[in-house]
Amino acid sequence: MGRVKLNFWLAVGLALAGTGLAVSGFVRWLVLPCGGGYGYRGGRGGYAEPVFLLTRDAWDDVHKLCAVLFLGLVAAHIALHWDWLLCAARSLFRRR
């Protein structure tokens, strides 16, 4: 695979993982209530765990998976552009 294609697919992966992080983060923050206990669930009239497409635990798992994927892709991005980063740092801190 050429370098241009690799950079393209890396950018697509970063965009998808970042979008997954943002969506799952907003759902966990704004849509589903905090905590995992939800009080007493037994007896008559017990209530079910709140769900928005997935349970809160599933949203937590999605969020963690997207975070690990995102960090891995960021590390790959830095590794692929390491020479450019060094050249940019040298030119930035070069004495005049």
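Please read all numbers here as calculations on a predicted model, not as lab measurements.

### Notes on the confidence of the model for the chain
So, point 1. For the chain, the average pLDDT comes to 87, and 83% of its residues sit at 70 or higher.
So, point 2. By mean pLDDT, strand E1 (residues 51-52) is the weakest element of the chain at 82, and helix H2 (residues 56-80) is the strongest at 95.

### Considering H2
So, point 1. With 25 residues, H2 should cover 36 Å at 1.5 Å per step; its first-to-last C-alpha distance of 36 Å lies within 8% of that length.
So, point 2. Residues of H2 that are buried: Arg-56, Trp-59, Asp-60, Cys-66 and Leu-73.
So, point 3. Packed against the buried residues of H2 are helix H1 (3-31), E1 and strand E2 (54-55).

### Thoughts on H1
So, point 1. With 29 residues, H1 ought to run about 42 Å at 1.5 Å a step, and its terminal C-alpha atoms sit 41 Å apart, in line with that.
So, point 2. Here H1 has its buried residues at Leu-10, Gly-13, Leu-14, Ala-17, Gly-20, Ser-24, Gly-25 and Val-27.
So, point 3. Residues of H1 that are buried make contact with E1 and H2.

### Let's talk about unusual backbone geometry
So, point 1. Of note, the phi angle at Leu-53 is positive, near 65°, even though the residue is not glycine.
So, point 2. Considering the arrangement of structural elements, one finds Leu-53 in the loop between E1 and E2.
So, point 3. Among the residues examined, Leu-53 registers a relative accessible area of 72% and is labelled exposed.

### Describing the packing of H1 against H2
Axes are the key here: two packed helices are described by the angle between their axes and the distance separating the axes.
So, point 1. Interhelical geometry of H1 versus H2 gives an angle of 150° and a closest axis separation of 8 Å. When the interaxial angle is binned, H1 and H2 end up roughly antiparallel. Of the two possible hands of crossing, H1 and H2 adopt the one that is left-handed.
So, point 2. For the contact of H1 with H2, a count of residues per class yields 16 nonpolar, eight polar and four charged.

Parameters and conventions
Residues numbered from 1 in each chain as written. Predicted model: local features only at pLDDT ≥ 70, side-chain atom pairs only at ≥ 80, totals over all residues. Heavy atoms only, no water. pLDDT = per-residue confidence, 0-100. Helix = DSSP H or I, 4+ residues; strand = E, 2+ residues; numbered from the N terminus. Expected span 1.5 Å × (residues − 1). Buried < 20%, exposed > 50% of the residue type's maximum accessible area, 1.4 Å probe, protein only. Contact = heavy atoms within 4.5 Å. Axes fitted to C-alpha atoms, helices over the stretch in contact; angles between N-to-C directions. Parallel < 35°, antiparallel > 145°, perpendicular 65-115°, else oblique. Left-handed = near helix turned anticlockwise from the far one by under 90°. Nonpolar A, V, L, I, M, F, W, Y, C, P; charged D, E, K, R; others polar.

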